[in-house]
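Each chain is listed here by its residues.
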There are 2 protein chains.
Amino acid sequence: MRQTQLFTKTKKEAPKDEVSKNAQLLIRAGFVHKEMAGVYSFLPLGLKVLSNIINVIREEMDAIGGQELALTALQDKELWQKTDRWDDKQVDVWFKTALKNGTELGLGWTHEEPITRLMTQQIASYRDLPVLAYQFQTKFRNETRAKSGIMRMREFMMKDMYSFARTEAEHQELYARVRAAYQRIFERVGLGGRTYAAFASGGAFSKYSEEFQTVSDAGEDLIYIDETSGQALNKEVLTDEVLADLGLTRENLVEKKSIEVGNIFTLGTKFSVPLGLTFKDETGAMAPVMMGCYGIGPGRVMGTIAEVLSDAAGLVWPASVAPFKVHLLSLNADEKTLEIYDALTAAGIETLYDDRDTSAGDKFSDSDLLGIPYRVVIGKRSLASGQAEVKPRVSADVEMISFEGLVSYFTQH
Amino acid sequence: MRQTQLFTKTKKEAPKDEVSKNAQLLIRAGFVHKEMAGVYSFLPLGLKVLSNIINVIREEMDAIGGQELALTALQDKELWQKTDRWDDKQVDVWFKTALKNGTELGLGWTHEEPITRLMTQQIASYRDLPVLAYQFQTKFRNETRAKSGIMRMREFMMKDMYSFARTEAEHQELYARVRAAYQRIFERVGLGGRTYAAFASGGAFSKYSEEFQTVSDAGEDLIYIDETSGQALNKEVLTDEVLADLGLTRENLVEKKSIEVGNIFTLGTKFSVPLGLTFKDETGAMAPVMMGCYGIGPGRVMGTIAEVLSDAAGLVWPASVAPFKVHLLSLNADEKTLEIYDALTAAGIETLYDDRDTSAGDKFSDSDLLGIPYRVVIGKRSLASGQAEVKPRVSADVEMISFEGLVSYFTQH
């Protein structure tokens, strides 16, 4: 894409009321627009990153047999009363609204209830199980505080998967499958090394749940890491009993601030019993379905990448989620640069071409701010030497690559 | 995909409270699930169709230079008060909600206001124009009646594009570009021949707007068609003055019920003036931006396809939007069918393999209900002859194709 065609512009300064680093950078770079506290629109470059993250997640969910569906935001009171999660005293993040006839509705902040009800119409026999179903869907949460940019939004895209199994053993197999997929997701989006599966409290049906926590000073959570084993746990389960259970000792734990980028949870029959999701087993007996739930917020993942990978000069996107692979800068060499741009795009290499009539300094600083993995500069010296300056966003090393060699360079890198 | 793995099941009967044909068929076939009146979840097969429609629209919007973004559902009162569209007396489809501190919020039913405000931060000069920006985003409309299945939902996906131009002439060029893209979209999704661009009232800045209306007895609208010229107009502009203006005569018009599947509208400066979206022109003078808006609801398009293309036996999907290309049925020939299934999927031909342990009659009737373009049957006779029975969903003609020839047949068809 030519940068003059892109409708977003970079800004020198972040809005004064924006305290989080991720939102400051993303707004300055033109990736997101703040509508109000905790409510952000995604502009073209930001939507590309978000879509790339979504595609990574979708591939991993499909690879483990997940079937994608799309539930609704509007929720009916009667359903949520059955599980005692309608009342604002029980759940304090509801946005409520109403039909014209006065019927109260809620805006879904999670979807265990509607998917369990839906499955009562699809699951009847042991032959219909197991099922892994997931969606990318907008959640609404009436958060009191919303100062963490796109990491805690009042309206946000969520990938939520739900598993349905015949037995505890089958549930554990599904849980392990999703857990492994989550680890692959965080690896692929560039958060692998600093993301821990931290033990958290489990509820009635399981001793523990697990939170995927990315170490970051911007985090709102605290985790305790045993750096030798790579095991971690969150504050609520930091007791002598749990430590003994996990074979950990308090002295070996390091406290770190962290961001919860995902969680996986054994639900047991917590929802299937009150909502009547049962199946006929091999013996003809009726039994409740064993459930699990598994969440990742693609927007929070994007915000976390902005928090932990960016540097003083701006954003830094891993190639797997970057809006473009190459940022091509023309410094008074428009004709040659256009030719190279055409060659790169024809070869399927996603390229943003800075064809703006602005200073070299502005082009360099905007390129650092946008955080595209490779910067390619064509200037007067290039025209003389027939070589482009290629610099990865994450290093200071400049390589000189011949104009003719650029396509094969980026096909290989 | 193997049908035994698909979590949805077909139903013999539609729910009694469902009066629209599209919802009856889509629920029976397991494409959608009714959460409440006017609120439907999309199940895997239905989501595939919806995604295919979205992809067709996205390709056409990108091809005319559209830049995709994603605005939010949550809307602030102050913004909409500036255009006098906040009060329920002015706009009767708002769902309203509130933050915990009591601040009133609305759920977006359209997005002229937020995108105009957003553009005030991106557009400053004539050099920043023109812009075509669009999104696929969930709209909420508090409809009094919701009896048309997925054609009139209280919560629905909408593709809305907005154009921003320097001059009336530039606006007209953008308008014509989007109009042509809309015609290509309706052609591609199989509604071309029966969809008319019908003149409708225009508002303060343009004599007419245009509605894309698909002729159908399930429609809630009435249009008047001059079948010789292909021109059409809706009821609100059926006056002697308008007829004279368009060169039409009343006697030549045929009245038809129709479904509004899209609309395109010149907004002029209706939003740019109150919201301060101005630009500095070539002479240094400030001028308000000329806007247009362009909507298509992918869910309504899907419902319309179900209304107008289905037959007594079930749904009929055009290949461009079908959830699979081939429905492969094994009639007691599982081993050979699995081999063919593997060959088709390896060749990238999207295939649903009915490997269920159920009667041939059930398989045939479910295949008609699901509406996949080609049915391929492998039975005892096939095993003897080495040939599969191939039948398009829209015809009764069966062709016999050798097992080895199936991949090339479907690569070519």
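Everything quoted here is computed from the prediction, not taken from an experiment.

Caption draft 1: Structural detail: the overall build of chain A. Helix and strand content of chain A: 12 helices and 21 strands. In terms of overall dimensions, chain A has C-alpha extents of about 80 × 60 × 45 Å along its principal axes. Counting all 413 residues of chain A, 49% fall into the buried class. Restricting the contact set of chain A to residue pairs at least 6 apart, pairs at least 24 apart contribute 69%.

Caption draft 2: Spotlight on the interface of chain A and chain B. Contact residues are listed per partner, giving 37 residues for chain A and 37 residues for chain B. At the level of secondary structure, the elements contributing two or more residues to the side of chain A that touches chain B comprise β1 (32-36), β2 (39-42), α2 (44-63), β3 (67-68), β4 (74-76), β5 (95-98), α4 (112-119) and β7 (131-140) of chain A. Of the residues that constitute the side of chain A that touches chain B, the class distribution is 19 nonpolar, 10 polar and 8 charged.

Caption draft 3: Quick look at the pairing of strand β12 (residues 231-234) of chain B. Residues and elements named next belong to chain B. Two elements, strand β9 (residues 195-201) and β12, share 2 bridges in a ladder whose sense is parallel. Bridge pairing in β12 places A198 opposite A232. By the bridge criterion, 4 bridges tie strand β11 (residues 221-226) to β12 in an arrangement that is antiparallel. Within β12, the position partnered with I223 by the bridge is N234. What sits between the antiparallel neighbours β11 and β12 is a turn of 4 residues, in which G230 has the positive phi angle 80°.

Caption draft 4: Molecular detail of the sheet that holds strand β6 (residues 104-107) of chain A. All names here are of chain A. Spatially, β4-β6-β5 is the arrangement adopted by the 3 strands of the open sheet, whose pairing is antiparallel. Either end of the sheet is taken by a strand with one partner, and the two such strands are β4 and β5. When strand polarity is set aside, the average angle formed by the axes of neighbouring strands in this sheet is 45°.

Caption draft 5: The arrangement of the relation of the copies chain A and chain B in detail. Each copy superposes on the other: chain A lies on chain B with an RMSD of 0.0 Å after a rotation of 180° and an axial shift of 0.0 Å. A rotation of that kind, with that shift, is consistent with a two-fold axis. The rotation axis passes nearest to the C-alpha of T97(A) in chain A, at a distance of 2.6 Å. A symmetric contact is evident, with 100% of the interface residues of chain A recurring at the interface of chain B.

Caption draft 6: Local environment of helix α2 (residues 44-63) of chain B. An ideal rise of 1.5 Å per residue puts 28 Å on 20 residues; α2(B) measures up with 28 Å between its terminal C-alpha atoms. At the exit of α2(B) stands G65(B), carrying a positive phi of roughly 90°.

Caption draft 7: A look at the domain arrangement of chain A. As far as domains go, chain A holds domain 1 (21-73 + 108-309) and domain 2 (326-412). Computed over C-alpha atoms only, the centres of domain 1 of chain A and domain 2 of chain A are separated by 38 Å.

Caption draft 8: Inspection of the environment of K391(B) at higher detail. Residues and elements named next belong to chain B. Relative to the assigned elements, K391 resides in strand β20 (residues 387-392). Exposure remark for K391: the 17 C-beta atoms within 10 Å place this residue in the partly exposed category. It is 58 Å that separates the C-alpha atoms of K391 and P288, two residues lying 103 residues apart in sequence. Discounting residues that sit within four places of it in the chain, K391 has contacts with R375, D397 and V398.

What counts, and where the lines are drawn
Residues numbered from 1 in each chain as written. Chains lettered and ligands numbered in written order. Predicted model: local features only at pLDDT ≥ 70, side-chain atom pairs only at ≥ 80, totals over all residues. Helix = DSSP H or I, 4+ residues; strand = E, 2+ residues; numbered from the N terminus. Buried ≥ 20, exposed ≤ 12 C-beta atoms within 10 Å, placed from the backbone. Contact = placed C-beta atoms within 7 Å. Nonpolar A, V, L, I, M, F, W, Y, C, P; charged D, E, K, R; others polar. Pairing = 2+ DSSP bridges. Axes fitted to C-alpha atoms, helices over the stretch in contact; angles between N-to-C directions. Least-squares fit on C-alpha atoms with pLDDT ≥ 70 in both. Expected span 1.5 Å × (residues − 1). Domains from an automatic or database assignment.

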